[in-house]
Amino acid sequence: MVNFTYAAQLLPLLLLSPTSIKSSENKNSVVLANGFTATHLNLRPSFLPRGGSLDNNKSALSSSASAVESDVGPAMEVSQGNWDLLSDRGKAALSRLILYDMSSGNDGQKHVYGEWPEAGVQDEEKCMLAEQIADLDGSYPGGLPAYLSKAKTLLKESADGTNPFEEFEASVPEGESLSFEEPNANPHTGMTFTEAEQAGLTGIGDTVFVLVAGGLGERLGYSGIKLSLETNLCTNKCYLEVYAKYIQAMQRMAHLKTGKDHIRIPLVIMTSGDTDPLTRQLLKDNNNFGFDEGQVMIVKQDKVCALKDGNAGLSMKSKWEIETKPHGHGDVHHLLYREGLVDKWYNEGKKHVIFLQDTNALVINSVLPTLGVSIAKSFHMNSICIPRLAGEAAGAIARLEHKTDPEKSLVINVEYNQLDPLLSSQGDCKGDVADPTTGYSPYPGNANNIVIEMGAYAKTLRGEDQGVVIEFVNPKYKDETRTEFKKPTRLECMMQDIPKLFQKEMGSEANIGFTLFDRWFTFSPAKNSLEAGVEDVGKGGTAPGTMSSAESDKYIQNQRKLKFAGVDINVTEEKDLVPIAGIPVTPGPRVILCPGFAITQQEVVEKIEGGKITDRSTLVLEGEDLKVKNLDLDGALVIRTGHDCDVTVDGLVVRNTGYDLSEFPEGADVPEEVAIRGYTMNKSEAMEITITEPGKYHIGADGEVNKLE
């Protein structure tokens, strides 16, 4: 039988008899097709809980359910001829939609199934619509009735202006503040960056990575998938390759730490219908970027129905197609549960799941220390955070204390437009204001990358919600009456709202915190088009979020790392930025330290010694056993070494034309992946050293490669 989730509860008694009667005497009567009459109909809905499973409710079904599933369509204004066109799954799903519509009392979905032309006219379209309804019904826990029921409730709360935090008071949660450049521990939290990173190294072999990548790059002005975008023009490596090489570098380090060469760190990529084929092709074209067969898994999220009005009426793209929209990255938790991956990892002894966004290459620097904080403080969930300006349009991590029931208290992301009203209603009623001692909000800004402990995660996903996080609606109303939408809306969900399920399943035992890093170290996402970035800069913004600003911030981050290691190098400050295509970027030097060269502070310090680099220079280092001492660089230098290549560069002097950036004329015919930056890189001249044959090597001042062993 098709998964029939609620008909037996919805209709305690539905007697169908083969007569031809049209009844209008009872207010609950309905117009029936030939051959059916409703002698009694109870239309009080009672749905399964969100994420509820039919397997646990089989006793609720009876033989009458089969009759309803088979016959409710022709009983409710779908002619027998049209009904006979549909597949069994199409009939079952359409039955559930009709029954839900009857229960709501307003025929809000009648435009979907009513007034079909007679059989023989547009039959193929009818079948396609029924199959789409079945797909949408089957992809959402609880089916379309659960989706529409929640939507009606949330849309009413939105129209009424209901405050979701009315019963809570906010406070700053427990967390850790770390700085790459600060050797001393934070007096309030007690860990140094080095201590946190070393603690993280103890757990790297027991991790799993999940990359949320359901969106295209349209907002950036790019029609392809964001994972395929080049993070920088020095190496031309795309985001997916950067993440892949970082995970593989962690994996190698786990081998060295444990002596267990069999350790594999899995990567799961969440795609959507838009990104799935392109993501698979990107992996295929690049031989999985070095991952073993089966090490990368893909889970695809489904879209959900768009809603046209406050009654949760389904929005139709055409008479025969329901409009759909993305549900949000919160789907990732249910997908991991549905595919059985979390239980599998738990049984294999994996300890933490690390969730990353698709276009923030800087975040890989903070993974190890955040993991270390999670281990040291036994956090069930740990959000990577950055300092947040008061009033900044960014979510904040807050502890919400329930006013009457401590078991309902939780630590969670609060969106900026909700934080100020919440803080304005409590304490000194000043709202979202800065801490005078730091100049920042005391509530850390959410960078939306998280580390979750596997045991607590598995327990939470096994709960009745099955990882379906609490949803919300964000309709754009036409006017102050808040009754009509400017465009269709839908239910949405966010990955970072999983603490609501932790609180539900674990209560006050849920231990949720954050780890705060300097913005330069961990946060510079590429999310906006060049035009939007230029507009933001024109208004005084300092974080345009373009591909060019993300690339520039990567170079600046590595400048700071080399400076920390003792290199004579200028670090670009805000006043030093120069406009290229309207976006302020670093004038140089442009430095890329690949994951294969160093992923920890300790590696940077041990592999780099002395030297000086001019502002116009470009440096790319890649190689796990590469060490660079007393480099004198004025130009471009690229060094790449392979596995088991022990290479020491000592006193190398480089003088050449190097690389520079060149804006192209406005309106120039260039590929969109170039247009989104506004410039190209002219690679005029560089010293390139590539060593792949295992052995021990020395490179001196003249750049000659000498094999020692």
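Residues numbered from 1 in each chain as written. Predicted model: local features only at pLDDT ≥ 70, side-chain atom pairs only at ≥ 80, totals over all residues. Heavy atoms only, no water.

Broken down by element type, the protein carries 21 helices and 33 strands. The buried share of the protein, taken over its 709 residues, is 53%. Across the protein, contacts joining residues at least 24 apart in sequence account for 70% of those joining residues at least 6 apart. (Helix = DSSP H or I, 4+ residues; strand = E, 2+ residues; numbered from the N terminus. Buried < 20%, exposed > 50% of the residue type's maximum accessible area, 1.4 Å probe, protein only. Contact = heavy atoms within 4.5 Å.)

The subject of this paragraph is the pattern of salt bridges. Tallied over the entire structure, the rule returns 36 salt bridges. In this structure, the salt-bridge partner of E464 is K504, at a minimum N-O distance of 2.8 Å. Pair noted here: E464 is in the loop between helix 15 (454-461) and strand 16 (484-489) and K504 is in helix 16 (residues 499-506), with a separation of 40 residues, a long-range link. The partly exposed category is assigned to E464, whose relative accessible area is 38%. (Salt bridge = Lys/Arg side-chain N within 4 Å of Asp/Glu carboxyl O.)

Glancing now at the confidence of the model for the protein. Looking at the protein as a whole, its pLDDT mean stands at 87, while 89% of the residues score no less than 70. Low confidence marks residues 1-70, where pLDDT is under 50. Its contacts with residues over four positions away, or in another chain, come to 129 contacts. (pLDDT = per-residue confidence, 0-100.)

Moving on to the sheet that holds strand 31 (residues 687-691). Strands sit in the order 20-23-26-31 across an open sheet of four strands; the sheet is parallel. The strands lining the two open edges of the sheet, one partner per strand, are strand 20 (590-593) and strand 31. Between one strand and the next, the sheet's axes are offset by a mean angle of 5°, whatever the strand orientation. Across five bridges, the pairing between strand 26 (residues 636-641) and strand 31 is parallel. The residue bridging T641 from the neighbouring strand is I691, located in strand 31. Strands in contact with helix 19 (residues 547-564) are strand 20 and strand 23 (618-622); relative to strand 20, the strand with the most contacts, it is inclined by about 75°. (Pairing = 2+ DSSP bridges. Axes fitted to C-alpha atoms, helices over the stretch in contact; angles between N-to-C directions.)

Angle between the axes and distance between the axes are the two parameters that describe a pair of packed helices. The N-to-C vectors of helix 9 (residues 239-258) and helix 13 (residues 364-377) enclose an angle of 35°; their axes lie 10 Å apart at closest approach. Relative to helix 13, helix 9 is oriented so that their crossing is right-handed. Taking contact as the criterion, the partners of V242, Y243, Y246 and M250 in helix 9 are, on helix 13, I364, V367 and L368. Of the residues assigned to the contact of helix 9 with helix 13, the class counts are seven nonpolar, no polar and no charged. (Left-handed = near helix turned anticlockwise from the far one by under 90°. Nonpolar A, V, L, I, M, F, W, Y, C, P; charged D, E, K, R; others polar.)

With that settled, consider helix 10 (residues 276-285). Considered for burial, the residues of helix 10 that qualify are D276, T279, L282 and L283. Across the axial projection of helix 10, the buried residues extend over an arc of 130°, all falling on one side. The outward face of helix 10, more than 90 degrees from its buried face, is lined by the exposed residues K284 and D285. On its buried side, helix 10 packs onto helix 9, strand 4 (267-271) and strand 5 (296-300). One or two residues past the end of helix 10 sits N287, with phi positive at roughly 55°. (Arc of directions from axis to C-beta.)

Take the packing of aromatic side chains next. Enumeration over the complete set of coordinates arrives at 13 aromatic pairs. For the ring pair F180 and W520, a centre distance of 6.2 Å and an interplane angle of 85° mean the geometry is edge-to-face. Of this pair, F180 sits in the loop between strand 2 (175-177) and helix 8 (193-201) while W520 sits in helix 17 (residues 519-522), and the two are 340 residues apart along the sequence. The rings of F180, F193, F517, W520, F521 and F564 are connected pair by pair, giving a single aromatic cluster. (Phe/Tyr/Trp six-rings, centres within 6.5 Å; stacked < 30°, edge-to-face > 60°.)

Another point: the environment of L233. Residue placement: L233 occurs in the loop between strand 3 (207-212) and helix 9. With residues up to four places along the chain from it excluded, the contact list for L233 reads E551, Y555, R677, Y679, T680, M681 and K683.

The next thing to look at is the pairing of strand 3. Taken across its six residues, strand 3 has six buried, putting it largely inside the fold. Across the two faces of strand 3 the burial is the same, with T207, F209 and L211 and V208, V210 and V212 all buried. Sheet topology places strand 3 next to strand 4; four bridges connect them, and they run parallel. Note that in strand 4 the partner of V212 across the bridge is M270.

The topology assignment puts H402 in strand 13 (residues 396-402). With a relative accessible area of 10%, H402 lands in the buried category. Of the polar contacts made by the side chain of H402, one reaches the side chain of E167; its length is 3.1 Å. From its side chain, H402 meets the backbone nitrogen of D405 in a polar contact 3.0 Å long. With residues up to four places along the chain from it excluded, the contact list for H402 reads E167, F168, K408 and S409. (Polar contact = N/O pair within 3.5 Å; in protein donor to acceptor, adjacent residues only side chain to side chain.)

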